[in-house]
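# Descriptive structure summary
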Amino acid sequence: MADSVALDPVDLHILRLLQNDARTTYRDLAAQVGVAPSTCLDRVTRLRRSGVILGHQLRLDPARLGRGLQALLSVQVRPHRRDLVGPFVERIRALPESLSLFHLTGPEDFLVHVAVAGPADLQRLVLDEFTARREVARVETRLIFQQWECGPLLPPDATADVPRDAAGESW
């Protein structure tokens with residue numbers, strides 16, 4: 001597990017703002033945080049180098065791409081051995097329907113978030129790509145009705161250092 005990085009209130013404010021809009025310019029970011037643009041650039045660079053900021057991603061709407069049905073697949077792999085887990089993970093990550101893959105503890109070994117065009121595509125995916133694999137012992141499917149983004153992600157002790165405006169609202 002990676003070591004945590006010490007973050008001050010300015011770092012936390014920068015991270016909050018960038019998580020809401022990663023395209024914010026350094027000039028706008030600096031103005032909102034109350035530091036010089038060069039200071040803001042230095043801080044963001046440090047946050048990248050330290051591994052706090054992992055990158056910038058473009059989020060797409062699966063429904064607008066013809067994948068309006070999302071599901072979570074709980075997968076049990078038997079036997080649960082490294083020589084089977086590695087190829088299974090590679091195959092599932094390569095599927096165009098796969099959005100996220102989690103390796104878990106408990107009765108299920110993996111949780112896979114998928115997006116497909118409809119029920120027939122979900123059935124095909126489960127039968128052809130999951131249960132057809134010898135190492136897959138069981139798959140449970142749960143349809144996703146609605147999804148919400150949460151966050152921003154901050155260190156556990158950051159709520160005490162949350163900068164607040166005059167009305168008491170956090171930045």
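Here, residues in each chain are numbered from 1, in the same order as that chain's written sequence. Totals for whole chains, interfaces and linings use every residue, but because this is a predicted model, local features are given only for residues with pLDDT of at least 70 and side-chain atom pairs only at 80 or more, for both listing and counting. As a rule here, side-chain values cover all heavy atoms of the structure and leave hydrogens and water aside.

## Considering the nonpolar core
The set of buried Ala, Val, Leu, Ile, Met, Phe, Trp, Tyr and Cys residues whose side-chain atoms join them within 4.5 Å is what this entry labels a nonpolar core. A 1.4 Å probe rolled over the protein chains alone gives each residue an accessible area, and that area as a share of the maximum for its type sets the label: buried under 20%, exposed over 50%, partly exposed in between. Counting 19 residues, the largest nonpolar core has Leu73, Val75, Phe88, Leu122 and Phe130 as the members making the most contacts within it. The secondary structure listing takes helices from DSSP runs of H or I that are at least 4 residues long and strands from runs of E that are at least 2 residues long, numbered from the N terminus. Among the secondary structure elements, those contributing two or more residues to this core are strand E1 (69-77), helix H4 (82-94), strand E3 (110-116), helix H5 (119-130) and strand E4 (136-144). Sorting elements by how many residues they give to this core places E1 first, with 5 residues. In contact with Phe130, other than residues within four places in its own chain, are Leu73, Val75, Phe88, Ile92, Leu95, Val112, Leu125, Val136 and Val139. Judged by nonpolar contacts, the second largest core, of 14 residues, contains Leu18, Cys40, Leu47 and Ile53. Contacts are assigned to residue pairs with any non-hydrogen atoms lying within 4.5 Å of each other.

## A look at the sheet that holds E4
Strand order in the open sheet formed by 4 strands is E2-E3-E1-E4, and the pairing between neighbours is antiparallel. Single-partner strands in this sheet number two, and they are strand E2 (98-103) and E4. Taking the axes of each pair of neighbouring strands and ignoring which way they run, one obtains an average angle of 20 degrees across the sheet. A pair of strands counts as paired when DSSP detects no fewer than two bridges linking them. For E2 and E3, the ladder comprises 5 bridges, and the chain directions are antiparallel. Note on definitions: angles span 0 to 180 degrees between N-to-C directions of axes, and those axes are lines fitted to C-alpha atoms, for helices only across the stretch in contact.

## Side note on the packing of helix H1 (residues 9-20) against helix H3 (residues 37-49)
Between H1 and H3, the least distance of the axes is 11 Å, while the angle of their chain directions is 80 degrees. The orientation of H1 relative to H3 falls into the category roughly perpendicular. Residues Val10, Asp11, Ile14, Leu15 and Leu18 of H1 pack against Cys40, Arg43, Val44, Arg46 and Leu47 of H3. Residues are grouped as follows: nonpolar covers Ala, Val, Leu, Ile, Met, Phe, Trp, Tyr, Cys and Pro; charged covers Asp, Glu, Lys and Arg; every other residue, Gly included, is treated as polar. For the contact of H1 with H3, the residue count by class is 7 nonpolar, no polar and 3 charged. If an angle is under 35 degrees, it is roughly parallel; if it is over 145, roughly antiparallel; if it lies from 65 to 115, roughly perpendicular; otherwise it is oblique.

## Observations concerning unusual backbone geometry
Omega for the bond connecting Arg78 with Pro79 falls within 30 degrees of zero, at -5 degrees, which places this linkage in the cis form. Position of Pro79 relative to the elements: it lies in the loop between E1 and H4. Note that the residue after Gly151, namely Pro152, is joined by a cis bond; omega there is 10 degrees. Note that Pro152 resides in the segment after E4.

## What to know about the side chain of His113
Of note, His113 is situated in strand E3. Those residues in contact with His113 that sit more than four places away from it in its chain are Gln70, Ala71, Leu72, Glu97, Ser98, Leu99, Ser100, Ile144 and Gln147.

## Comments concerning the pattern of salt bridges
Whenever Lys or Arg places a side-chain nitrogen within 4 Å of a carboxyl oxygen from Asp or Glu, that contact is recorded as a salt bridge. Overall, the coordinates contain 14 salt bridges when judged by the stated rule. Arg81 serves as the salt-bridge partner of Asp83, at 2.9 Å between the closest nitrogen and oxygen. What makes Asp83 partly exposed here is its relative accessible area of 48%. Residue class for Arg81 comes out partly exposed when judged on its relative accessible area of 41%. For the salt bridge of Arg91 with Glu129, the shortest nitrogen-to-oxygen distance reads 2.7 Å. Pair noted here: Arg91 is in helix H4 and Glu129 is in helix H5, with a separation of 38 residues, a long-range link. For Arg91, a relative accessible area of 32% gives the class partly exposed. Look at Glu129 and you get buried, because its relative accessible area is 17%.

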